[in-house]
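Breakdown of the fold
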Amino acid sequence: MKLDVIKLDGGKAGSIDLDEALFGLDPRADILHRVVRWQRAKAQAGTHSVLGKSDVSYSTKKIYRQKGTGGARHGSKKAPIFRHGGVYKGPTPRSHAHDLPKKFRALGLRHALSAKAKAGELVIVDSLALDAAKTAALAKTVKELGWKRTLVIDGAEVDANFALAARNLEGVDVLPTIGANVYDILKRDILVITKAGVEALEARLK
């Protein structure tokens with residue numbers, strides 16, 4: 001598929017042929033859903049924790065005699081049925097991550113790129129090179145281009161001036177090609193990729 005290439009000032013910079021295997025697929029929601037779930041599960045902290053019966057700081061003295069009370073037989077007040085007692089089978093720190101094959105993760109990234117292309121939310125820019133790291137100037141450029149909630153993907157390394165200028169801009173996130181992922185792509189309204197980024201993605205996903 002062919003797409004127009006623009007410059008940061010909004011001018012035209014020719015066109016580019018995009019690989020159909022990356023940008024021309026019919027997006028499948030089930031594949032995207034599985035990859036996003038894998039990403040979010042891996043990112044989950046898993047630091048939830050409660051005190052069990054053995055963790056509670058309380059007296060272990062038998063609360064009343066074994067027989068003759070007419071009530072149930074109890075020992076420690078650490079038991080879960082008592083107030084201030086331990087929690088029975090509560091959450092403990094653990095990893096929520098699960099495995100997903102590398103090939104499937106790559107397939108998910110292809111479908112995410114294709115979803116943006118099909119929705120008309122893909123923009124190809126010639127380069128991100130800036131003469132100076134001026135946030136105000138870049139903010140004006142982004143506003144003129146109509147980029148809101150935008151993810152920008154550059155080549156192997158992001159232009160240093162652009163990265164500095166965009167660091168404080170709300171709604172603009174910048175990643176090198178190696179950081180491109182399904183969740184970040186789908187979360188934004190517009191996906192901007194440089195020509196170098198397209199070449200690097202094609203090399204990465206072949």
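Structure first, text after, so check above.
Residues numbered from 1 in each chain as written. Predicted model: local features only at pLDDT ≥ 70, side-chain atom pairs only at ≥ 80, totals over all residues. Heavy atoms only, no water.

Quick word on the packing of helix α2 (residues 29-43) against helix α3 (residues 102-118)
In plain terms, the rule: Between N-to-C directions, angles span 0 to 180 degrees; the directions come from axes that are lines fitted to C-alpha atoms, helices contributing only their stretch in contact. For helices the rule is a DSSP run of H or I covering at least 4 residues; for strands it is a run of E covering at least 2, with both sets numbered from the N terminus onward. If you view the pair so one helix is near and one far, a crossing is left-handed when the near helix is turned anticlockwise from the far one by less than a right angle, and right-handed when it is turned clockwise. Here a residue-residue contact requires only that any non-hydrogen atoms of the pair lie within 4.5 Å. The nonpolar class holds Ala, Val, Leu, Ile, Met, Phe, Trp, Tyr, Cys and Pro. Asp, Glu, Lys and Arg form the charged class, and all remaining residues, Gly among them, are polar.
Their axes nearest at 9 Å, the elements α2 and α3 cross at an angle of 120°. By crossing handedness, the relation of α2 to α3 is classed as left-handed. Residue-level contacts link I31, L32, R34, V35 and W38 of α2 to F104, R105, L107, G108, H111 and A112 of α3. Looking at the contact of α2 with α3 residue by residue, the class counts come to seven nonpolar, two polar and two charged.

Section: the packing of aromatic side chains
Note the threshold: By convention, a stacked pair of Phe, Tyr or Trp rings (six-membered ring in the case of Trp) has centres within 6.5 Å and planes under 30 degrees apart, an edge-to-face pair has planes over 60 apart, and any other such pair is tilted. Placement of a charge over a ring requires the Lys NZ or Arg CZ to be within 6 Å of the ring centre, with the centre-to-atom vector within 35 degrees of the ring normal.
Applying the stated criterion to the full structure yields zero aromatic pairs. Geometry around F104 places R34 over its ring, the cationic atom sitting 4.2 Å from the centre.

A closer look at the pairing of strand β6 (residues 190-194)
Defined as follows: Burial classes: relative accessible area under 20% of the type maximum marks a residue as buried, over 50% as exposed, and values in between as partly exposed (1.4 Å probe, protein chains only). Strands qualify as paired when DSSP identifies two bridges or more between them.
Within β6, five of the five residues are buried, which leaves it mostly tucked inside the rest of the structure. Burial along β6 is two-sided: I190, V192 and T194 facing one way and L191 and I193 facing the other are all buried. The pairing of strand β3 (residues 122-125) with β6 spans four bridges and is parallel. Each residue of the ladder has a partner; that of L122, found in β6, is L191. Across four bridges, strand β4 (residues 150-153) lies against β6 in parallel orientation. When the sheet's bridge partners are listed, T150 is paired in β6 with I190.

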